[in-house]
Amino acid sequence: MDLIILFGSFVFLLLIGTPIAFCLGIASLATVMYMGIPPLIVFQRLNSGLSVYALLAIPFFIYAGDLMVRGGIASRLVAFAGSLVGHARGGLGQVNVAASTLFGGVSGSAVADASAIGGLMVPQMEKRGYSADYAVNITVVSSIIALLMPPSHNMIIYSISAGGSISIADLFTAGVVPGVLLAGVLMFVAWRVAIKQGYPTETFQGFRTVGVLFLTAIPGLLLIAIIFGGVRSGIFTATESSCVAVVYAVLATIVCYRTLSFASFVEATLGAVRTTAMVLLIIGAAAAFGWLLAYLRVPAELVAFMKSVSDNPIVILLMVNIMLLGLGTFMDMSPLIIITTPIFLPVVTAYGVDPVQFGVIMVLNLGIGLCTPPVGAVLFVGCAIGRISVWQAMRTIWPFYGAALLVLGLVTYVPAVSLWLPSLFK
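Residues numbered from 1 in each chain as written. Predicted model: local features only at pLDDT ≥ 70, side-chain atom pairs only at ≥ 80, totals over all residues. Heavy atoms only, no water.

(A) The arrangement of the overall build of the protein chain in detail. The helix and strand inventory of the protein chain stands at 23 helices and zero strands. Based on the C-alpha atoms only, the size of the protein chain along its principal axes is roughly 70 × 45 × 45 Å. For the protein chain, buried positions account for 56% of its 426 residues. Relative to all contacts within the protein chain whose residues are 6 or more apart in sequence, the contacts with residues 24 or more apart total 78%. For the protein chain, the computed accessible surface area is about 17,200 Å², with 71% contributed by carbon and sulfur atoms. The average position of the 17 basic charges and that of the 13 acidic charges among the side chains of the protein chain differ by 10 Å. (Helix = DSSP H or I, 4+ residues; strand = E, 2+ residues; numbered from the N terminus. Buried < 20%, exposed > 50% of the residue type's maximum accessible area, 1.4 Å probe, protein only. Contact = heavy atoms within 4.5 Å. Areas by Shrake-Rupley, 256 points an atom, 1.4 Å probe, with all protein chains shown as cover. Lys, Arg positive; Asp, Glu negative; His and termini not counted. Charge placed at Lys NZ, Arg CZ, Asp CG, Glu CD.)

(B) Main features of the layout of surface pockets. By volume, the largest pocket is sized at about 1,100 Å³. For the largest pocket, the lining is made up of 38 residues, of which S109, V111, T275, M278 and V279 are closest to its centre. Those elements that place two or more of their residues in the lining of the largest pocket are α2 (20-35), α4 (57-70), α7 (110-127), α10 (153-161), α15 (262-295) and α18 (333-350). A class-by-class count of the residues in the lining of the largest pocket yields 26 nonpolar, nine polar and three charged. (1 Å grid on protein atoms, 1.4 Å probe; cavity = no way out; pocket = protein on both sides within 12 Å on 5 of 7 lines; lining within 4 Å. Points joined across faces, edges and corners; volume = space filled by probe spheres on them. Nonpolar A, V, L, I, M, F, W, Y, C, P; charged D, E, K, R; others polar.)

(C) Spatial organisation of the packing of helix α3 (residues 40-50) against α15. Where α3 meets α15, the axes come as close as 7 Å, and the angle between the chain directions of the two elements is 125°. In terms of axis orientation, α3 runs oblique to α15. For the pair α3 and α15, the crossing hand works out as right-handed. Only L280, I283, G284, A285, A287, A288 and W291 of α15 make contact with α3, whose side of the interface consists of I41, V42, R45, L46, G49 and L50. Its residues assigned to classes, the contact of α3 with α15 shows 10 nonpolar, two polar and one charged. (Axes fitted to C-alpha atoms, helices over the stretch in contact; angles between N-to-C directions. Parallel < 35°, antiparallel > 145°, perpendicular 65-115°, else oblique. Left-handed = near helix turned anticlockwise from the far one by under 90°.)

(D) Structural detail: the side chain of T139. With respect to the element layout, T139 can be found in helix α8 (residues 132-142). Assessed through its relative accessible area of 1%, T139 is described here as buried. Ignoring any residue separated from it by four or fewer positions in sequence, one finds T139 in contact with N96, A114, G118 and V122.

(E) Seen up close, the side chain of T101. Mapped onto the elements of the fold, T101 is located in helix α6 (residues 91-107). Given the relative accessible area of 15%, T101 is considered buried. A distance of 2.9 Å separates the side chain of T101 from the backbone oxygen of V97, its partner in a polar contact. With sequence-adjacent residues up to four places away left out, T101 is seen in contact with I145, M149 and A183. (Polar contact = N/O pair within 3.5 Å; in protein donor to acceptor, adjacent residues only side chain to side chain.)

(F) Looking closely at the environment of G402. By the secondary structure assignment, G402 is in helix α22 (residues 398-413). Assessed through its relative accessible area of 36%, G402 is described here as partly exposed. Note: C-alpha distance between G402 and L186 (216 residues apart in sequence) is 9.3 Å.

(G) Geometry of the pattern of salt bridges. Using the criterion set out here, one finds one salt bridge in the structure. As a salt-bridge pair, R387 and E126 come within 3.8 Å of each other at their nearest N and O atoms. Remark: E126 occurs in helix α7 and R387 occurs in the loop between α20 (377-386) and α21 (390-394); sequence separation between them is 261 residues. Accessibility expressed as a relative area gives 26% for E126, which makes it partly exposed. (Salt bridge = Lys/Arg side-chain N within 4 Å of Asp/Glu carboxyl O.)

(H) Structural view of the packing of aromatic side chains. In this structure the tally under the stated criterion is six aromatic pairs. Centre to centre, the rings of Y134 and F400 are 6.2 Å apart; their planes meet at 65°, and the pair counts as edge-to-face. Here the residue Y134 occupies a position in helix α8, and F400 occupies one in helix α22, the gap between them amounting to 266 residues. Across this residue pair, the class does not change: Y134 and F400 are buried. By way of ring pairs, the aromatic residues Y130, Y134 and F400 are connected into one cluster. (Phe/Tyr/Trp six-rings, centres within 6.5 Å; stacked < 30°, edge-to-face > 60°.)

(I) Local environment of the nonpolar core. Core analysis: the largest hydrophobic core is formed by 152 residues, its most contacted members being L24, Y134, L182 and F358. Element by element, the count of residues in this core is highest for α15, at 11 residues. (Core = buried A, V, L, I, M, F, W, Y, C linked by side-chain atoms within 4.5 Å.)

(J) Just a nonpolar patch on the surface, in detail. On the surface, I314, V315, L318, I322, L406, L410, Y413 and V414 cluster together into a nonpolar patch covering about 670 Å² of accessible area. The leading source of residues in the nonpolar patch is helix α17 (residues 313-328), at four residues. The topology assignment puts L410 in helix α22. The exposure class of L410 is partly exposed, given its relative accessible area of 31%. (Patch = residues over 30% accessible without salt bridge, like charges linked within 9 Å, V, L, I, M, F, W, Y side chains within 5 Å.)

Put into structure tokens, the structure is as follows:
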């Protein structure tokens with residue numbers, strides 16, 4: 001009955017449109033009151049879920065990404081990517097993926113990636129004869145790359161949800177190869193679809209133009225190197241690197257580019273505060289919800305159930321992926337990571353899966369959920385930019401979904417895809 005109240009109230013509140021943080025908090029509060037546990041425990045768990053030093057990295061990385069967008073670095077990265085791959089068939093589709101890969105190393109956020117790159121690329125693609133659904137679909141799915149590339153906020157949340165025992169530097173490193181692999185597969189799919197639809201190619205601008213655009217993009221690219229190199233080498237922690245990223249973003253946009261006005265600076269600051277408040281409230285409420293799941297022995301019961309179904313690691317990982325894909329269509333990514341990590345991590349580690357590898361699996365899996373209705377935040381952003389309905393996008397998005405699922409399968413069943421690079425640095 002305890003679980004029925006917990007999940008029943010949560011699902012009911014979700015269906016009537018209650019914000020996810022309140023769904024988690026109210027469901028937790030209702031359950032502890034039914035169980036006779038003092039309601040204060042929910043607020044204590046919410047507070048303890050927020051009182052984690054590593055969480056400080058999230059607001060600063062959000063702030064740095066917002067400053068970069070408003071300071072014009074996204075447009076320069078798009079221009080540089082266009083000079084490299086824009087001459088291929090369906091050139092602007094290739095540019096879209098390449099720009100998402102570069103900008104993902106700056107923002108670490110799929111929604112920010114879809115907003116920044118989509119806002120620049122979708123109107124240009126429509127003007128040059130690309131269909132709106134093609135432009136939106138490639139923008140939406142390629143934004144997943146930002147979740148895998150450092151500084152991924154969700155990698156930090158996964159590390160905290162796993163008890164803080166998993167190195168954030170290892171997680172940042174483990175996501176690089178899958179992120180690049182996903183970019184390559186998406187570019188291939190975009191090229192094939194462009195050939196089928198007869199989309200145009202762009203004129204190669206020459207190596208001189210490539211060099212000039214590379215020079216203008218260097219300040220943005222250097223941020224990627226500073227974050228990754230600093231954390232990986234141990235010069236500073238992930239939390240310290242986020243503060244360095246903010247200082248660097250301010251200097252790059254004010255001193256180097258001179259494009260960040262005071263009004264844009266204020267907007268970026270207020271936007272980061274609003275986003276941080278929403279994200280941290282969700283994290284705190286999800287921590288209380290996750291504690292109740294552990295208290296009610298849900299992880300142990302799930303492990304027992306899976307073992308009763310099969311002892312084959314291939315089947316177990318398939319079941320975990322299917323469950324996460326299903327949950328990802330109904331819930332946002334951050335609370336799902338906090339809730340499901342204590343449930344599924346013991347299951348997969350019991351079958352020999354490395355926790356770092358599982359972190360990449362979870363982030364990529366739930367990233368696909370962000371592109372899937374009915375609660376796909378990134379899908380909604382892309383459709384709003386392209387001014388098309390979700391149904392119109394869903395009719396033609398399947399090749400891009402297939403590319404993401406293919407990479408998810410490789411990450412799941414070929415450990416070296418995510419573990420090779422961290423082992424190389426060690």
